[in-house]
Amino acid sequence: MKKIFILIILLSSSIVFGQKEPKTKIIEFYPAFRFGFQVPIHSGNNFFAKDINSGFGFHSTLSLVKIYNFKLGLGYEFQNLKVDNSNAIGNFDFINSNTYQYILEYAFPLNAKFELNPTISYGTCQFNYKENYGGSILAKQDLEEIRFGSYINYSLNKTFAGYAGLHFSHFYNSNLVASPENKDYFGKGNKFVISLGILIH
């Protein structure tokens, strides 16, 4: 009986230690594309909050690589801004903004349908100042941007998901040559960005 008991223990041990644990992929190809519309809400005592009016813009992001639950991606945004107070900056009525971003995103599943995607990004913004909507560019300003916030996704099926986003952005022009007062007023600002769109993955 004792020999049988020892034999069972040895066989059980060999089965347990002989099993291979499934390997977890560290890096995997995981393409995901977002496209949606957004509304920026500027705040603070600056030109962007006091003297311009922001309408709807659009944005898109593309990520190809997933490292654990982190995704690295690129983003692009276009925004049209209307100058309400042209006396503040000169003979400009419209501003087109193009933003290019490097994005780090984390996937945090909440349940079978909802997933939270906190993000942090660094980007460059080019502001093109125009006399009218379809006119030529009369002046440019380049700014840098740091943004953080989150998307929340709702899965529609295996391929598509709808999402909403809320992000905070701080943007600034560290190379602006102006008096300290004008540099603060015209060279930096803050905004909240509300977005809605479709995620394809």
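Residues numbered from 1 in each chain as written. Predicted model: local features only at pLDDT ≥ 70, side-chain atom pairs only at ≥ 80, totals over all residues. Heavy atoms only, no water.

Time to look at the pairing of strand 7 (residues 137–155). Sheet faces and side chains relate simply in a regular strand, where the side chains alternate between the two faces. Inspection of the sheet shows strand 6 (residues 114–130) paired to strand 7 by 17 bridges, in the antiparallel sense. Paired with Gly-123 across the strands is Glu-145, a residue of strand 7. Strand direction decides the pairing type here: strand 7 and strand 8 (residues 160–172), joined by 12 bridges, are antiparallel. Note on strand 8: the bridge partner recorded for Tyr-151 is Gly-165. Taken together, strand 7 and the strand that follows it, strand 8, pair antiparallel across an intervening segment of four residues. (Pairing = 2+ DSSP bridges. Helix = DSSP H or I, 4+ residues; strand = E, 2+ residues; numbered from the N terminus.)

For the rest of this paragraph, the subject is the packing of aromatic side chains. According to the stated counting rule, one finds 15 aromatic pairs in the structure shown. With a centroid separation of 5.7 Å and 55° between ring planes, the pair formed by Phe-148 and Phe-168 is classed as tilted. Of this pair, Phe-148 sits in strand 7 while Phe-168 sits in strand 8; the two residues are 20 residues apart in sequence, bridging distant segments of the chain. On the accessibility criterion, Phe-148 (47% relative accessible area) is partly exposed. Positioned above the aromatic ring of Tyr-163, the side-chain terminus of Arg-34 is 4.7 Å from the ring centre. Here the guanidinium or amino end of Lys-66 rests over the ring plane of Tyr-30, the centre of that ring lying 4.5 Å away. (Phe/Tyr/Trp six-rings, centres within 6.5 Å; stacked < 30°, edge-to-face > 60°. Buried < 20%, exposed > 50% of the residue type's maximum accessible area, 1.4 Å probe, protein only. Lys NZ or Arg CZ within 6 Å of the ring centre and 35° of its normal.)

This next bit is on the side chain of Glu-145. Mapped onto the elements of the fold, Glu-145 is located in strand 7. Within the structure, Glu-145 has its side chain in polar contact with the side chain of Arg-147 (distance 2.7 Å). (Polar contact = N/O pair within 3.5 Å; in protein donor to acceptor, adjacent residues only side chain to side chain.)

If you look at the biggest cluster of nonpolar residues, it comprises 13 residues, and the most contacted ones within it are Phe-47, Phe-48, Ile-52, Ile-95, Phe-127, Tyr-129 and Leu-143. For this core, the secondary structure elements donating two or more residues are helix 2 (47–50), strand 3 (70–83) and strand 6. With residues up to four places along the chain from it excluded, the contact list for Leu-143 reads Phe-48, Gly-123, Thr-124, Cys-125, Phe-127, Phe-171, Tyr-172, Asn-173 and Gly-187. Among the nonpolar cores identified, the runner-up in size contains five residues, and Ala-32, Tyr-151, Tyr-163 and Leu-199 belong to it. (Core = buried A, V, L, I, M, F, W, Y, C linked by side-chain atoms within 4.5 Å. Contact = heavy atoms within 4.5 Å.)

A few words now on the pattern of salt bridges. Going through the model one piece at a time under the given rule, you end up with five salt bridges. For Glu-77, the salt bridge goes to Arg-147, with nearest N and O atoms at 2.5 Å. In this pair, Glu-77 is assigned in strand 3 and Arg-147 in strand 7, connecting sequence segments 70 residues apart. Summarising the burial analysis for this pair, Glu-77 and Arg-147 share the class buried. When the shortest N-O distance is used, the salt bridge between Arg-147 and Glu-145 registers 2.7 Å. Summarising the burial analysis for this pair, Arg-147 and Glu-145 share the class buried. Connected through salt bridges with shared partners, the residues Arg-34, Lys-71 and Glu-105 form a single ionic network. (Salt bridge = Lys/Arg side-chain N within 4 Å of Asp/Glu carboxyl O.)

It is worth spelling out the environment of Phe-160 at this point. As for its placement among the helices and strands, Phe-160 is situated in strand 8. In the structure, Phe-160 is positioned 126 residues away from Arg-34 in sequence and 10.0 Å away in space, judged by C-alpha atoms.

On to the pairing of strand 4 (residues 94–106), then. In this sheet, strand 4 lies alongside strand 3 in antiparallel orientation, the contact comprising 13 bridges. Along strand 4, the bridge assignment pairs Gln-79 with Ser-97. Pairing between strand 4 and strand 6: 12 bridges, direction antiparallel. Looking at the pairing, Thr-99 lines up with Cys-125 of strand 6.

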